[in-house]
Structures are given as structure tokens and as C-alpha cells.
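Coordinates in review
The lines below spell out each chain.
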Amino acid sequence: MSATPALELKGIEKHYPGTVAVRFRPGEKLTFEDGHIHALVGQNGAGKSTLVSLIAGLQKPTTGDMFLRGEPYAPANVGQARRSGVDIVLQEPLIEEHMSVEENLLLGREARYARHGLFNPRTRRRFAEAAMARLPRRIDLKARAGDLPIESQKLIEMARALVLEPKLLIVDELSAAMSARGVKDLEQTLREFAAGGGLVIYISHHLDEVVDLCDRVTILRDGTIVTTLEAKQTNKQHISELMVGNEVEESAHRSVNEDAAPVLELKSLSVPGQCTDISLVVRPGEVVGIGGLMDSGAAGVALAVFGMIKPSSGSVELNGTPVRFRSPTQAVSAGVAYVPADRDREGLFLNMRIDRNIDLASMSWTSMAGFLDPRRSAATANKFIKRLDIRCRGCRDIPLNLSGGNRQKVAIAKWLVRDNRLLILHNPTRGVDIGGRSEIHAVINELADRGAGILLISDDLHELIALSDTIVTMRRGAVSAQMSNRAKPTEKELIGHML
Amino acid sequence: MSPETDDAGLALSQPPVGIDSIDEQGGAALRAKSAHPRINYRSWGRGTQLMPAWLVPFLSLIVVTTFFGITAGSRFLSLSNFSFLLQQSAIIAIPAFGVTLIIIAGSIDLSVGSVVALTGMVGALVAVDHGLVVGLLAALVTGLLAGLCNGLAFAVLKVPSFIVTLGMLSVARGVTVKVSGSQPENVPDSWLWFGEMPGIFILFAICFMGTSVLLHLTSFGRRTVALGGQERVARLAGVRVQQVKIILFCFGGLMAALGGIALSARVGAATPDAAGGFELTAIAAVVLGGTPLTGGIGNVLNTVIGALVLSMLLNGMVILGVSGEIQLITQGVVLVGAVLLSLDRAKIGIIK
């Protein structure tokens, strides 16, 4: 061990009105070494994000000291942290979607290639190429950034950070929305960076990845450090036990009545540009999981069933009746619910009170001739806050204050006010910690047990295997395999059907 | 299109919270986006703001009252002037209620002024020939139709509301001039009730309560707020987005018609050039009340306060003998100042 660690945190505490996000034990230290990939893991709300935001200069600690290579380090803002060689890549891509990849790569660094506000396109291209060279995969420099999949956008952000040659790179849950290939590219980039003597602080929910990629793992729970382990001497099971304190996750054991009339039946459904010739059946009480890689078209199936996009051919039958929804409103009236993948931009209103969020989808049924009863609405919200264990400060709190898992529970609660026949969920636990994940899974299981049909679209193979009665895999817009979960398919098998 | 776009491209079709440059503006924006620092939603006054946002309209009301109370004395603080102020504010506030809802839904209505003039004119013309009730109905139906046109062009034909209502501003004014033959039309005596003290106040009170109930206690109001917050979320929750938008603009037209009735009654005649530039006054009242133009937040009481502050400002300056051009300048500065405040609050609205 070297004499001075790359970064040392000492007695850090961070308070927010009403809560304490991070609290080290008195005199406790957390050190990070150069050349390491150091993982921070913990449930949502464990304090990982807060801790890195202190290091990156996004916020200041309430008490405590930080030392960068032995020197006292107290960045006032991101710019100062960056000048000290500390950079952060956040969970959400910070990308100007109307700009080209090239412009995005050099965003905020215009002064580097422009003199007196004028620039030579060739110079700019050279800078952009240099930034791109740090990635394992080329992305077309002329492409519009908004047209790219999320993983490419994140890689662009990585390149943007790396081009400043930081000594310490913080990566906050980059891989939450990435495909397998994207994760590999990312890991390679981080390994190269660490091999060059840099320190990576990496937050991830994917423990496989953490064990595989990182040198050390620090586990946080409720704002305190549980322990720091050498990644080689631990495993996924062990880490997740330390994270939650108790054992989690079990596979569903349901008996689906194969003879029951299907809730949903798709007959050779085709959606231009999304999927072709999809046929599948969802029976009451059954969870049908759809898995596929980025462009598999699974999302298109969900949107077509929900009336967001028009199918070009084929039919959708709901409880035996052919339907052709022209808008989500009609789908909702018919008892179809949809929990979109992009929770924060499609699933709920971050700034709207929880009770109002929950009310939104069922107001037409719960209101008296359009008039709402605020007390009833609060009572409903409180019921679901209790039932789903949504951790918040009452039904007047806003989802922005909640962690990912709790936000997702609000998004799901919206569809539980009325009993829906069919619930479509897209990546319901993306970016959600293990505890929240098993709680959401319990909700899904409960709904299935009560007789709802569930169409689960997920990038997460564990989740598909844990929850589904039937698993459908999709490849390039078509169904590539369909199997019962009783056959106990392995992840490898599923991936094989997707590639 | 690259072969990889489908899934993520779809999810990203909503513009992300814009960040221009990481280095310059990154700090604040990153702070807003960073995973989940828990921010107390009541602690609004953080950072640049010196006082809680909701206080600003009330405070400006107090400041304006005190200022003119001292400088203009009893002429400003008299009971008769207070009654005058109330009537003046009602004329601004009634159409501004419609604008408030439209702004909360994230749209804008620039046509109120012209629609106020048009409905007043149609009402007066019809009332002269066919009596009060038919005249009132004619005015309301005209307003409703103007709003319906706005709503249909906006929601169904998908022309931005700014452009649609800018068009209506011109069209409604043109129709007003056409039907009036460029001549003012005196209103019948029975019509005047709507422009005098108990009448105009009753009209105002009904509009105020009606709009408040509509916004706070109905599912329509909740959907209006949802539209302003994030249209796609509302759509995916099953909200009939088009329907809500059309009803909103119809409501706006109806409120403009009530404003048109009150204005023509107060003046005693409907004139083809009535309420010129009134759209700006109405928007100023909404914004001065603290409703940001970005939508998703706002309430009706604030608009009343905004209208009150505006009319006090104008009335106070008239009493002090401030010349017309200075009045105009002050009004402009106040409008920009109000937007400045509302923008600041809007940002806090996002963080809150």
C-alpha cells in the first residue's frame, strides 16, 4: 500500500432537511487507491450518490474532511473539482440531443478549438477524433446525439470526461440502462483508465459486474459504511447479504390455469419499424416475460397494445374481443395498464404530489361527475404508500424526493387503484436497488395471483426468470423462442435466443 | 437512422432537461439531476431567492399599496377608489382566469384582447335588437366559438398555441371591426348592471370560485396541471390530451366573453378598438401572480392578486399625475420584472 492514498474521506456527514444521507462513524476513514476500480454499492438511498456528489463538488459535506493525494480537498463546485482532476459521469446522460456527436464530445470545451470565437472545422474534428479514440467502439461523429441509443450517449459522456485526463473518474450507475455490449465497452474503457494509473469510483447495482470489474467494493447501508472488501475475496451473494442484511429474491411458484380464456392474445401483430408477426397469449394470473436486446422491438409490442402506436397488420384481442385502440385512453378504459421504461420522463410527474400522481389514471372512475374528493384521494394514496411500502414523507411529498425504487412504486400504484386486467411493465426495476426490486417483484406476483395478466418486458434476465411463467425472446422484431419457465431456462440460453 | 436507435430513441424522444455547457452551467444543472439528494420541498428560498416564492405576489401587493398610500394619500386609500380598483381588477382578472388555466397547461393565449372586444361587440349589437338575454348568450357563444377554433387548431391540427392565438388575435379584431362597421355600439341600459358595483363584483366572484373549483377540485383541473407538467406522462396515464386542450381553450374563450360583457358594460358601449393590447395585461396579471409560463404550477388566487397589483399600479400613477408615456414604461418594466421573478420560481419549481 502506498503512503498517501489517492483520496481519503474522513468523518464525512451530509445532512438534508429532515434526513441524514451520509454519516461516517466518528473518526472513520474511507480511502481509495490509484489504479483501482473501487465500487460503491448499496441500496437506493444508502448514500452512494450523495457521497460521490461530495467528491465531485456537486455538494458540500456538512462536516468532515477530504484529502486528495494527502492535500486537503474541498471543491466549491464541479469546475474546481475538475481542475483538481476529479470528474463525474452521472446516471442520466447529459447530452444535447439536437447537436451532433462531435459537438457533444466537445461540449463546454469550445475554447479549446476555437480562437476568438471562430473555429476551424478541421481542428474541431481532430479534437473530436482524439476524444473518440478513448472509446473501444467508434460512434459516427456526424450523427445527431438524440438519435443514438442511451448507451452510446453514455459512452460519449465518458469520452468527454476522459479527454480532460482526470485522475479520478466517478461513474454513477452508468450501466443501468445499457445492453450487454455497451457494458463490455464501458468496462474496457474503465479498465484502460485504471491501468493508466487513474482511480475509478464506480456505483452499480449489477453485482456480477462489480465483482468482475472492480478491485475493491465498499458497501453502504443507510448512509454508513458497512465494510470494504477486496473484490477477489467476495462474491455476489455475500455482497447482497451485506447490502440488505437479509436474504432476498425467490422464483415464482404459480399454477396458471392453461385452459382459462386469455386476457391478451396477439395474432401476427406487426408494427412498422418495430416488430413483425408477433403472436402470444397472456392468461389470467400469468406473467409472460419478453426479453430482447436493444433493437428487439419488444417495446413496440407494448406500445401497440397500449394504443400509442398503430399496428400495420394482425390483431390484438382482449378477453376474446378484438380491439383496436386509437389512444392510451381507450386502452386504459378497457383495463390495460402500462408502466413505461423511462420512469422519470414517462412514468410519473416528479414534481406532482404523490397522491395526485396516483390519482391520475383513475380519476375518470373515482370522481363524481368530474369532481374530486381530496380526502378520498389522500386516503387512497396512503393506502398504497402503506401497501407498497413507499418510503416518503406522506402523500403530499413529491416523487423527486424519492429513490428510484420508491418512484417506481408510485408509478405502479397509479394502476392499482382500479383493478386492471392486463398490466404491461417495461423494465420495472431498472436502476432500482435490491430491496426495492424484491418489493416490486412481490407486487407483480401479488397482482398475478389476483388474476391479472402481466406482460413483463425486461432487459434483466434474472428478473425474467424470477417472475415469468412463460418467457418469450425477441430478435430483430420477431419472436425467436418461447418457453415455459418450468423448463428452467438459464440466462445463457436466453441470451442465445436474443443474439 | 442507425440500427440501434429504436428502444432508446423512443424513450428519448422527450427533450431532456437542457444543459448548454457543462463547464459554465453544469453546477446548478448537475445538482438538479444528481441522483437523489433529498431536497425538502418546502425549502424554496434556497440560493438566489431572498424570500419564499409564494410570498412575492403578496409582498408586491403590500409594496404597491404602501407606496401609493404614502405618496397619493387619501385619494388612493379612499373607499370609492377601492371600489374603483376592484372593478378595474375584475375586468383584468375575469379573462385572465382563462389565461391562467391555459398557461398552467403549458400553452399560451394571445387572443384574449381581441376576443374580449369581439364578444362585447357581438353582445351589444344583438342585445340592442333582441334584448339582454339573447345578447348575453350571443356574446358567450361567440367567445366559446373563438376558443373552440383556437382549441381545434392547436389540439387537432397541432399548430403551436402561440401561433394559433396570434392568428386569432388578428382574426377576432378584424371580425370586430367588420361587424361593427367601425362604429361604437351603445349597450342597452339593462346591460350596464354588469359594469357597476354589485354586478361586476358578483360576476367576478362567480368566475373566481368557478375557476378555483375547476382547477383544484375536478379531474379536468388535475389533467390541466398534468399537461403542463409533462404531456407524455399524462398521455401514457390515459389522459385525453386533445380533449383537455380543446376544453381549455373553450373555457378561455368563455372567460374572455364574460370579460367582454363586463368591459362593454363599464364603458357603456362596445368599441371596435376596445381592449387593445389587453392580452399582455392578462398575461402580466397571471405572471405577476407567480404562475410561470413553463406550466405545471399555478393557482387562481394569485392571478387575482396579479390583477390587483396591476390595476393599483395604473390607478396610483393616474392619481399622482404621472404622464401616459411614463405609465407605459413602468408597466413594461413591471411585466419584465414579473417574468424575471416567475422564471426564477419556475426553476425552483423544477428542483422543488
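Parameters at a glance
- Residues numbered from 1 in each chain as written.
- Chains lettered and ligands numbered in written order.
- Predicted model: local features only at pLDDT ≥ 70, side-chain atom pairs only at ≥ 80, totals over all residues.
- Heavy atoms only, no water.
- Buried < 20%, exposed > 50% of the residue type's maximum accessible area, 1.4 Å probe, protein only.
- Helix = DSSP H or I, 4+ residues; strand = E, 2+ residues; numbered from the N terminus.
- Axes fitted to C-alpha atoms, helices over the stretch in contact; angles between N-to-C directions.
- Left-handed = near helix turned anticlockwise from the far one by under 90°.
- Contact = heavy atoms within 4.5 Å.
- Nonpolar A, V, L, I, M, F, W, Y, C, P; charged D, E, K, R; others polar.
- Pairing = 2+ DSSP bridges.
- Phe/Tyr/Trp six-rings, centres within 6.5 Å; stacked < 30°, edge-to-face > 60°.
- Lys NZ or Arg CZ within 6 Å of the ring centre and 35° of its normal.
- pLDDT = per-residue confidence, 0-100.
- Polar contact = N/O pair within 3.5 Å; in protein donor to acceptor, adjacent residues only side chain to side chain.
- Core = buried A, V, L, I, M, F, W, Y, C linked by side-chain atoms within 4.5 Å.
- Patch = residues over 30% accessible without salt bridge, like charges linked within 9 Å, V, L, I, M, F, W, Y side chains within 5 Å.
- Areas by Shrake-Rupley, 256 points an atom, 1.4 Å probe, with all protein chains shown as cover.
- Salt bridge = Lys/Arg side-chain N within 4 Å of Asp/Glu carboxyl O.

**Details of helix α13 (residues 278-288) of chain B**
Across the eleven residues of α13(B), ten count as buried, placing the element largely inside the fold. Within α13(B) the residues assigned to the buried category are Phe278(B), Glu279(B), Thr281(B), Ala282(B), Ile283(B), Ala284(B), Ala285(B), Val286(B), Val287(B) and Leu288(B).

**Digging into the packing of helix α7 (residues 132-155) of chain B against helix α12 (residues 241-267) of chain B**
All names here are of chain B. Running from N to C, α7 and α12 cross one another at 145°; their axes reach a closest spacing of 7 Å. In this structure, α7 meets α12 at a crossing whose hand is right-handed. Where α7 approaches α12, its residues Leu136, Ala139, Leu140, Gly143, Leu144, Gly147, Leu148, Asn150, Gly151, Leu152, Phe154 and Ala155 are matched on the opposing element by Gln242, Lys245, Ile246, Phe249, Cys250, Gly253, Leu254, Ala257, Leu258 and Ile261. Tallied by class, residues from the contact of α7 with α12 come to 15 nonpolar, six polar and one charged.

**A word on the pairing of strand β22 (residues 470-475) of chain A**
Residues and elements named next belong to chain A. Within β22, five of the six residues are buried, which leaves it mostly tucked inside the rest of the structure. Pairing between strand β16 (residues 287-292) and β22: five bridges, direction parallel. Residue pairing in the sheet places Ile290 in a bridge with Val472 of β22. Across six bridges, β22 lies against strand β23 (residues 478-484) in antiparallel orientation. Counted as the bridge partner of Thr470 is Ser484 from β23. Linking β22 back to β23 in an antiparallel pair, the connection comprises two residues, with Arg476 at a positive phi of about 45°.

**Focus on the packing of aromatic side chains**
For the structure shown, the criterion picks out ten aromatic pairs over all chains. Centroid distance Phe204(B) to Phe208(B): 6.3 Å. Interplanar angle 10°. Geometry classified as stacked. Taken together, the residues Phe204(B) and Phe208(B), both in helix α9 (residues 197-217) and four residues apart, mark about one turn of the helix. The partly exposed category is assigned to Phe208(B), whose relative accessible area is 23%. In this arrangement the basic side chain of Arg418(A) is found over the ring face of Trp365(A), its NZ or CZ atom lying 3.6 Å from the centre. Note that Lys245(B) overlies the ring of Phe154(B), its terminal NZ or CZ placed 4.7 Å from the centroid.

**Description of the confidence of the model for chain B**
Residue and element names in this part refer to chain B. Overall, the prediction assigns chain B a mean pLDDT of 83, with 81% of residues at 70 or greater. Here residues 1-49 is modelled with pLDDT under 50, and outside its nearest four sequence neighbours on either side it reaches 103 contacts, counting other chains as well. Note on residues 345-352: pLDDT under 50 across the span, and 24 contacts to partners over four residues away in sequence or across chains.

**Digging into the sheet that holds β23(A)**
Residues and elements named next belong to chain A. The strand order across the open sheet formed by six strands is β19-β20-β21-β16-β22-β23, and the pairing between neighbours is mixed. For this open sheet the edge positions go to β19 (336-339) and β23, each flanked by a neighbour on one side alone. Here the strands of the sheet are splayed against their neighbours by 15° on average, with no regard to which way each runs. Its contacts with the sheet put helix α17 (residues 434-449) on β16, β20 (422-426) and β21 (453-457), and the angle it makes with β21 is roughly 145°.

**Remarks on the environment of Tyr73(A)**
Residue and element names in this part refer to chain A. Take Tyr73: it is sitting in the loop between β6 (71-72) and α2 (78-83). Taking the C-alpha atoms as reference, Tyr73 lies 9.4 Å from Glu8; in sequence the two are 65 residues apart. Not counting the four nearest positions on each side in its chain, Tyr73 is found in contact with Leu7, Ile55, Met66, Phe67, Leu68, Ala81, Ser84 and Val86. A distance of 2.7 Å separates a polar side-chain atom of Tyr73 from the backbone oxygen of Ile55.

**A few points about the nonpolar core**
In terms of nonpolar packing, the biggest core is built from 162 residues, with Leu264(A), Leu266(A), Phe306(A) and Leu422(A) touching the most fellow members. Per-element tally for this core: the top contributor is helix α5 (residues 79-104) of chain B, with twelve residues. Each residue touching Leu266(A), except ones within four places of it in the same chain, is listed here: Ile278(A), Ser279(A), Leu280(A), Val301(A), Val305(A), Ser315(A) and Val316(A). Val41(A), Val101(A), Ala131(A) and Leu186(A) belong to the second largest nonpolar core, which has 45 residues in total.

**Here's the deal with a nonpolar patch on the surface**
Where nonpolar side chains cluster on the molecular surface, the patch consists of Met368(A), Phe371(A), Val213(B) and Leu217(B) and spans about 370 Å² of accessible area. On the secondary structure map, Leu217(B) appears in helix α9. Looking at Leu217(B), the relative accessible area reads 32%, which means it is partly exposed.

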